[in-house]
Amino acid sequence: MLYRTASQFKTSYHADHALFPVRQDAWLLGIILIFAYAIIPMTASEFTFNALLIPVLIYALAALGLNILTGYAGQLSLGTGAFMGVGAYACFKIITAFPDLNIVVAIALSGFFSAAVGVAFGLPSLRIKGFYLAITTLAAQFFLVWLFEKWGWLYNYSSSGAIQVPNIEMFGIIVAGPNASSVTQYYFVLAVVTAVTWLAINITRGRIGRIWKSVRDMDIAAELVGINLMKAKLSAFAISSYIVGVAGALFVFLWRGAAEPNLFDIPLSFRVLFIAIIGGLGSILGNYLGAILIVALPVVLGTLPGMLGIPIQSATVEHLNVMIVGATIILFLIVEPHGLARFWQIIREKLIMWPFPH
Amino acid sequence: MNAQPEHTAIVAARDDGIAPGELLMDVRNVSLRFGGVKAITDISFNVRKGEIRAIIGPNGAGKTSMLNVINGFYTPQEGTITFRGVERRAMKPHHAVRQGIARTFQNVALFKGMSTLDNIMTGRSVKMNRGLGWQMLWHGPALREEIEHREKVEEIIDFLEIQHIRRTPVGKLPYGLQKRVELGRALAMEPSLLLLDEPMAGMNLEEKEDMSRFILDVNRQRGTTICLIEHDMGVVMDLSDRVVVLDYGKKIADGVPDEVKSNQQVIDAYLGVAH
Amino acid sequence: MEFLNSILIKPFQDMVAAPDFLLQVLWEGLVAGVLYALIALGFVLIYKSSRIFNFAQGIMVVFAALTLVGLHEKGVPALLAVPLTLVVMFLLAVAIERVVLRPLVNQPDIILFMATIGITLFLVGFGELIFGGENKVMITEQLGIPTGSLTFEPFGGFVSIEQKDLTAVIGAVVLVAVLLVFLNKSKMGRAIRALGDDHQAALSVGISLSTIWILVWFIAGIIALATGIVWGARAGVSFALEVIAYKALPVLMLGGLESVLGAIIGGLAIGILEKLFEIYWGQPLMGGNTETWFAFVFALIVLLFRPQGLFGERIIERV
């Protein structure tokens, strides 16, 4: 009854093109936003902010970036971690070169660097397809991480080879660095993620989104209806890498506080890929659902045995965690290859029909 | 891009400044090879504005290859194609679309993960030009453009009588409807020349009748020039104004249906076997 | 000018100046190449027979080696541990077929590819849970593999060849030869190749898909064990090997996903070239450790010019 759509008629194409043609969806989003912006920050503990809330948001953003490339435009990438690294290192260089620059501007600018690198490594996609392309993205992955390590200029020749986030103020409040409070960082990340998500939704539901999806579904046919494949693929690489780069900058500046090159190694790429897949390729919502699952799973696994009083070593938990993530992926692919987002869709359709399923 | 005319009952074919009956496309001495295999040998024919032109021939005669050459998917080794008075060089398919050539495919080539509406909307991609900045904001110019084109697409949907499957992912549609959606996508491009590769393959009689009606309506009401490949001889002879017959990559006959029907070479190569 | 000299001329001068060192480098590269080729071969077999891009091939190498060493640590004699490990690899093949492949048959390529990443993670966690995550020493001597080294003195210089490397090369050649005979002469082998050519057609003449899959994954398991022993003898057994196993991917790009010959030649080429690049360009000019990316970048550049790989056939696109 809650999801009844029967009386909601569209009288104009304008209304039909609204973000949520069904009224209940808009209410639901409103409730989620109230939770995210008001209720959660009032109740969450320091641990919840750092172990769950902030990483969920950042990983979801990275997965959103990857999803644009893989889920919408159909170009499989295994190099997301390295592109996050480009965003993070670019942000570090910008912040250290212009200490007075607003951090929002710095983060927004750093996305352009990862977009440029993304386009450069996306060029092969014009000639190389499918798995071969996936492997070429590994070239980006390994080469860039090597570069982070060997190119001292990137980390200002610090002896540790790592980048450290200094205390950064915005409007008199410390938002990043060792002295920043978790609540501030949470709000900062939440605001960025909300804004980027809204822009991404707009891009994917319009002309550009349709072009990407047509390239994904059948690139030859797309070309034959007049779509310029080069523009379509490279724009997907650019926008995807931009978002991934912003996520990388947030990852280091608003969460980790410091980074070594191997942080951006292939396990990070895979973690983001899993979030996108388990959440659902070709879906925006899915990135959040996937991120919640992948980030929360180890936390739950880590705390559950202690709460139940089962003695278990942290190494064992780590191993179990890897195993369970692997099994979860296989399980999801078998049960619902389209991910958690599709689950929600099915539930929603059932709710609309309920209580008269026929 | 041409200015959009006031939208009439159906989206009009583009005004390309060529009077009905005049030459729209001229294919001259075209040959196409894959390695040592000759797909097309020295073929010449033309298409006049406003007509329905059929290409027929047994399997492997080079019909689909011919369409692929016309819309720029293959580049022939020899010969020239003049379209709307301009001789063309080697080109990409999306250039052919911009020149006003749209097509459908023998094996339906729709975007399976997308809805009927979105599939047909992709046909309008070339005509939409709001950039990334407006797209990101959505409200304002991008939305206005989206709605303007949505109206055109809805006209096509009405015309093809596929309103009820507007939101259905095309991968889930039966074959006959997929063919219709594909025609819709091609119409959305408002082509001067519409290429149809076996529009009725695998259809039952009723579906064939529907499709024939759509093809005739497109041709008569919009004045769209059509070049089609079809195996059903009854359909070809009824629909088309002129027929060109290929066999083993060579042209063996060209003329109005009655002439072609009585041509001995054609009967030997094709009709004699088929009937 | 100085710069051009250092990248275009000096490395070659160095090669000519110390030919014995060059030989040593080439040999090291060749041995690594043999291992890359073996891993790539496992990939090719599975891809040919089931169109699955098996990302887990690299981890199967580690898993097989870990099982072997782990069993030995638990007190199983070395020569018994080998057949026992093979049994484990067979059970793994059966499990993968039952649990993963069968439910996912007819899914798009990308889904199956993701599933093999799932298998990879599962095996990493499972292997570490049972055998521990620390680096282990391969039971080289217990398996009867000679460990000394042979020295030669060509060009008045000095080249040293480890006997275990030599054993590895010979072993790999024998393994590949047996495999080729099996694929070309036996009924099962022909069935595998038929499946690669056309799934539907193979099924319609009565080839059991699940038997073939189990067989192919088991063969991939055998290759994995062989690779694991040799590699473990060189570098120890741990999941760090996984990174090296990624090297089989550019080999596949070069050789083509379906070509056995391509996998072998691609593997050798990449092994040798990356070693040469590292020694003569990477270390003196770029701070070293270029082996992590050289193979990928090299394969990428080759593919830009030949999108079908060195041995793939040119694809004619149709609509």
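For the structure itself, look to the data block above.
Residues numbered from 1 in each chain as written. Chains lettered and ligands numbered in written order. Predicted model: local features only at pLDDT ≥ 70, side-chain atom pairs only at ≥ 80, totals over all residues. Heavy atoms only, no water.

A.B. asks: It is not clear to me how the overall build of chain A should be interpreted in this structure. Could you clarify?
C.D. replies: Helix and strand counts for chain A stand at 14 helices and four strands. For 358 residues, the compact-globule estimate of 2.2 N^0.38 gives 21 Å, and chain A sits close to it at 21 Å. Among the 358 residues that make up chain A, the fraction classed as buried is 55%. Taking as baseline every contact in chain A between residues at least 6 positions apart, the subset at least 24 positions apart corresponds to 72%. If you sum the accessible surface of chain A, you get close to 15000 Å²; carbon and sulfur atoms cover 70% of it. Seen as two clouds, the 19 positive and the 14 negative side-chain charges of chain A have centres 10 Å apart. (Helix = DSSP H or I, 4+ residues; strand = E, 2+ residues; numbered from the N terminus. Rg over C-alpha atoms; globule rule 2.2 N^0.38 Å. Buried < 20%, exposed > 50% of the residue type's maximum accessible area, 1.4 Å probe, protein only. Contact = heavy atoms within 4.5 Å. Areas by Shrake-Rupley, 256 points an atom, 1.4 Å probe, with all protein chains shown as cover. Lys, Arg positive; Asp, Glu negative; His and termini not counted. Charge placed at Lys NZ, Arg CZ, Asp CG, Glu CD.)

A.B. asks: For this particular structure, what's the right way to read the packing of helix 3 (residues 46-72) of chain A against helix 11 (residues 266-279) of chain A?
C.D. replies: Helix-helix packing is described using two parameters, namely the angle between the two axes and the distance between the axes. All names here are of chain A. It is the contact of helix 3 with helix 11, at a shortest axis distance of 8 Å, that shows an interaxial angle of 80 degrees. By the criterion of interaxial angle, the relationship of helix 3 to helix 11 is roughly perpendicular. Each of Y59, A62, A63, L66 and N67 in helix 3 lies in contact with helix 11, whose residues at this interface are L268, R271, V272, L273, I275 and A276. Split into classes, the residues belonging to the contact of helix 3 with helix 11 amount to nine nonpolar, one polar and one charged. (Axes fitted to C-alpha atoms, helices over the stretch in contact; angles between N-to-C directions. Parallel < 35°, antiparallel > 145°, perpendicular 65-115°, else oblique. Nonpolar A, V, L, I, M, F, W, Y, C, P; charged D, E, K, R; others polar.)

A.B. asks: Quick question: what am I supposed to make of the packing of aromatic side chains here?
C.D. replies: Geometrically, a pair of aromatic rings is defined through the distance of the ring centres and the angle of the planes. Tallied over the entire structure, the rule returns 37 aromatic pairs over all chains. Considering the side-chain rings of Y59 of chain A and W255 of chain A, the 6.2 Å spacing of their centres and the 75 degrees angle between planes classify their relative orientation as edge-to-face. Note that Y59 of chain A is positioned in helix 3 and W255 of chain A in helix 10 (residues 229-256), a separation of 196 residues in sequence. Note on F142 of chain A and Y246 of chain C: the rings are 5.8 Å apart at their centroids and 45 degrees apart in plane angle, and the pair reads as tilted. Residue F142 of chain A is found in helix 6 (residues 130-150), and its partner Y246 of chain C is found in the loop between helix 10 (241-245) and helix 11 (248-255); the two belong to separate chains. As far as burial versus exposure is concerned, F142 of chain A and Y246 of chain C are alike and both buried. It is R185 of chain B that lies over the ring of F111 of chain B; its NZ or CZ is 4.8 Å from the centre. Against the face of F159 of chain B rests R222 of chain B, its NZ or CZ located 5.6 Å from the ring centre. (Phe/Tyr/Trp six-rings, centres within 6.5 Å; stacked < 30°, edge-to-face > 60°. Lys NZ or Arg CZ within 6 Å of the ring centre and 35° of its normal.)

A.B. asks: Would you take a moment to explain the interface of chain C and chain A for this structure?
C.D. replies: Put simply, an interface is often sized by how much accessible area is lost when its parts join up. Counting residues at the interface gives 51 residues for chain C, matched by 39 residues for chain A. Across the chain C to chain A interface the summed buried area is about 3900 Å²; carbon plus sulfur atoms make up 83%. The tally of links from chain C across to chain A stands at zero salt bridges. Applying the counting criterion to the chain C and chain A interface returns five residue pairs in polar contact (both at pLDDT 80 or more). Those elements that provide at least two residues to the side of chain C that touches chain A are helix 4 (78-104), helix 5 (109-131), helix 11 and helix 13 (294-305) of chain C. When residues of the side of chain C that touches chain A are assigned to their parent elements, the largest contribution, 16 residues, is made by helix 5 of chain C. Grouping the constituent residues of the side of chain C that touches chain A by class yields 36 nonpolar, 10 polar and five charged. (Buried area = accessible area lost by both parts, 1.4 Å probe. Salt bridge = Lys/Arg side-chain N within 4 Å of Asp/Glu carboxyl O. Polar contact = N/O pair within 3.5 Å; in protein donor to acceptor, adjacent residues only side chain to side chain.)

A.B. asks: Help me understand the pairing of strand 2 (residues 159-162) of chain C in this model?
C.D. replies: For a regular strand, side chains alternate in direction, first toward one face of the sheet and then toward the other. Residues and elements named next belong to chain C. Only one face of strand 2 is buried, namely the one carrying V159 and I161, since none of S160 and E162 on the opposite face is buried. Pairing of strand 1 (residues 149-152) with strand 2 involves four bridges; the strand directions are antiparallel. If you follow L150 over to strand 2, its bridge partner there is I161. Hairpin connection of strand 1 to strand 2: six residues between the antiparallel strands, including F155 at a positive phi of 50 degrees. (Pairing = 2+ DSSP bridges.)

A.B. asks: Hey, could you run me through the pairing of strand 3 (residues 173-176) of chain A in this one?
C.D. replies: Residue and element names in this part refer to chain A. Here three bridges tie strand 2 (residues 168-170) to strand 3, and the two strands are oriented antiparallel to one another. In the sheet register, E169 faces strand 3, and the bridge partner there is I174. The antiparallel pairing of strand 2 with strand 3 creates a hairpin that spans two residues between the two strands, and F171 there sits at a positive phi of about 50 degrees.

A.B. asks: Would you explain the sheet that holds strand 4 (residues 78-83) of chain B in this entry?
C.D. replies: Strand pairing in a sheet relies on backbone hydrogen bonds, with the paired strands running either antiparallel or parallel. Residues and elements named next belong to chain B. As summarised here, the arrangement of the four strands in space is 2-1-4-5, forming an open sheet in which the pairing is antiparallel. Either end of the sheet is taken by a strand with one partner, and the two such strands are strand 2 (37-48) and strand 5 (86-87). Its contacts with the sheet put helix 1 (residues 63-70) on strand 1 (23-34), strand 2 and strand 4, and the angle it makes with strand 2 is roughly 65 degrees.

A.B. asks: Any chance you could explain the pattern of salt bridges here in plain terms?
C.D. replies: Close approach of charged atoms allows side chains with opposite charge to pair. A full pass over the atoms with the stated rule returns 25 salt bridges over all chains. One salt bridge connects D25 of chain A with R348 of chain A, and the closest N-O pair in it is separated by 2.8 Å. Remark: R348 of chain A occurs in helix 14 (residues 339-353) and D25 of chain A occurs in helix 2 (residues 23-43); sequence separation between them is 323 residues. Overall, the relative accessible area of 18% leaves R348 of chain A in the buried class. Notably, a salt bridge pairs K275 of chain C with E291 of chain C, separated by 3.4 Å at the nearest N-O pair. Placement of the pair is K275 of chain C in helix 12 (residues 260-286) and E291 of chain C in the loop between helix 12 and helix 13, with a sequence separation of 16 residues. Connected through shared salt-bridge partners, E51, R53, R242, K251 and D254 of chain B make up one network.

A.B. asks: How do you make sense of the nonpolar core when you look at a structure like this?
C.D. replies: Nonpolar side chains in soluble globular proteins generally cluster together in the buried interior. Counting 216 residues, the largest nonpolar core has I103, L250, F253 and F264 of chain A together with F53 and L249 of chain C as the members making the most contacts within it. At 17 residues, helix 2 (residues 19-50) of chain C tops the list of elements feeding residues into this core. Residue contacts for I103 of chain A: discarding those within four places in its chain leaves I95, I168, M170, V175, A176, F188, F253 and L254 of chain A. M66, M114, A188 and I226 of chain B belong to the second-largest nonpolar core, a separate cluster that totals 90 residues. (Core = buried A, V, L, I, M, F, W, Y, C linked by side-chain atoms within 4.5 Å.)

A.B. asks: Would you mind showing me how to read the side chain of D197 of chain B here?
C.D. replies: All names here are of chain B. Here D197 is to be found in strand 7 (residues 193-197). Assessed through its relative accessible area of 0%, D197 is described here as buried. Once residues lying within four places of it in the same chain are set aside, the contact partners of D197 are T64, L67, R103, T104, F105, Q106, K179 and I229.

A.B. asks: Hey, could you run me through the sheet that holds strand 6 (residues 101-103) of chain B in this one?
C.D. replies: Residues and elements named next belong to chain B. If you trace the six strands from one edge of the open sheet to the other, you get 6-7-8-3-9-10, paired in mixed fashion. Of all the strands in the sheet, just strand 6 and strand 10 (250-255) have a single pairing partner and so form its edges. Within this sheet the neighbouring strands show an average axis-to-axis angle of 20 degrees, counted without direction. By the bridge criterion, five bridges tie strand 9 (residues 242-247) to strand 10 in an arrangement that is antiparallel. Considered in strand 10, the bridge of L246 is made with K251.

Don't take any of this as a statement about function, it's just geometry.
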